[in-house]
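# Commentary on secondary and tertiary structure
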Amino acid sequence: AEQLAQAFVQQYYNTFDQNRAGLAGLYQPHSKLSFEGQLFTGSQEIGNKLTSLKINQCKHEMTTVDVQDNRPLGAGQGILVFVTGNIYMDSANPVKFAQTFLLHEAVPNSGQWYVLNDIFRLNYG
Amino acid sequence: QIKNIKVSNVEIAVKLKMSAEEVAKAFVSHYYENFTTNPSNLASLYNDSSMLTFEGSSLLGAQNIIAKYTSIGKITFDQNTIDVQPSASANAICIQVTGKLKIEANNPMHYTQFFQLVASGPSQYYVHNDIFRLVYA
């Protein structure tokens, strides 16, 4: 679970930083994103929100990545990934962020993981 | 409309059905208040399947978790943001908290914490997942 989670978040942030249009594909129709307190549901809504962010250059830098395997809760219950780090947006100073992902497999044991729950917060001050 | 909210152990008694948001806010308030005044009170919120990852170290089960929490010293918390989302199964709630804390007389520090609450019965929740991180400047 640990390796999978690390690989997934690395791919997620690479996609975010280099090709935000590609993020929609990491979500499904019932996925949820809380972005700075606003809730979005479904890959289309979420994709639209993320691509509409007014950031030209973006870089996520992970400081910590914690993983908990959620599967003991029952079949298909997924993997929890909790990230803290810094985000560089255009020429601004880096801002701390905290993000939680609950990863799920679209089809059990398919190896195809998507983001079911996503909670993102910037930490100022 | 009257809501009778009594937070004792894991039971939240309601007259009207509480939304995930309301359950989460009641939980967070109860959790941090007890963490500060008497962390051993948190024991009823966890069971044998609960997992805590605290500053990168993982612990399983209420006993180990409470042992960790009672070993830190007095912490006061100041939550800044609480985000709530229903989780994968209908009876689970994801909560992400950011804020500041003070350990004993030390300077305030930023922290962030994630909880997944899972229903163990009608309107009864336990903490299945708990992930805690200090955020250094």
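Residues numbered from 1 in each chain as written. Chains lettered and ligands numbered in written order. Predicted model: local features only at pLDDT ≥ 70, side-chain atom pairs only at ≥ 80, totals over all residues. Heavy atoms only, no water.

## Focus on the pairing of strand 6 (residues 113-123) of chain A
Residue and element names in this part refer to chain A. When you tally the buried positions in strand 6, you get eleven out of eleven residues, the bulk of the element. Bridge analysis of strand 1 (residues 27-35) against strand 6 gives five bridges, and the strand direction is parallel. Looking across to strand 6, one finds that lysine 32 is bridged to asparagine 117. Sheet analysis places strand 5 (residues 95-105) next to strand 6, joined by ten bridges and oriented antiparallel. Counterpart to glutamine 99 in the pairing with strand 6 is phenylalanine 120. (Buried < 20%, exposed > 50% of the residue type's maximum accessible area, 1.4 Å probe, protein only. Helix = DSSP H or I, 4+ residues; strand = E, 2+ residues; numbered from the N terminus. Pairing = 2+ DSSP bridges.)

## Here we look at the sheet that holds strand 3 (residues 58-69) of chain A
Residues and elements named next belong to chain A. The sheet built from six strands is open, its strands ordered 2-1-6-5-4-3 with mixed pairing. Whereas interior strands pair on both sides, the edge strands pair on one side only; in this sheet they are strand 2 (38-41) and strand 3. Here the strands of the sheet are splayed against their neighbours by 15° on average, with no regard to which way each runs. The sheet contact formed by strand 3 and strand 4 (residues 79-89) spans eleven bridges and is antiparallel. For aspartate 66, the partnering residue across the bridge sits in strand 4 and is phenylalanine 82. The strands that helix 2 (residues 43-52) touches are strand 1 and strand 2; relative to strand 1, the one it contacts most, it runs at about 40°. (Axes fitted to C-alpha atoms, helices over the stretch in contact; angles between N-to-C directions. Contact = heavy atoms within 4.5 Å.)

## Some points on the pairing of strand 2 of chain A
Residues and elements named next belong to chain A. Relative to strand 2, strand 1 is paired through four bridges, and the arrangement is antiparallel. Each bridged residue has a counterpart across the sheet, and for lysine 32 the counterpart in strand 2 is threonine 41. Between the end of strand 1 and the start of strand 2, which pair antiparallel, lie two residues, with glutamate 36 showing a positive phi angle near 50°.

## As for empty space enclosed by the protein
Residue and element names in this part refer to chain A. According to the stated counting rule, one finds two cavities of 30 Å³ or more in the structure shown. Here the second largest cavity defines a volume of roughly 50 Å³. Around the second largest cavity, the lining residues are Tyr12, Phe16, Leu33, Phe35, Leu50, His60, Gln99, Asp118 and Phe120. Residue assignment for the lining of the second largest cavity shows that the elements contributing at least two residues are helix 1 (2-18), strand 1 and strand 6. Grouping the amino acids of the lining of the second largest cavity by side-chain chemistry returns six nonpolar, two polar and one charged. (1 Å grid on protein atoms, 1.4 Å probe; cavity = no way out; pocket = protein on both sides within 12 Å on 5 of 7 lines; lining within 4 Å. Points joined across faces, edges and corners; volume = space filled by probe spheres on them. Nonpolar A, V, L, I, M, F, W, Y, C, P; charged D, E, K, R; others polar.)

## Some words on the environment of Ser34(A)
As for its placement among the helices and strands, Ser34(A) is situated in strand 1. Under the relative-accessibility criterion, Ser34(A) is labelled buried at 4%. In this structure the side chain of Ser34(A) is engaged in a polar contact, spanning 3.0 Å, whose partner is the side chain of Gln85(B). (Polar contact = N/O pair within 3.5 Å; in protein donor to acceptor, adjacent residues only side chain to side chain.)

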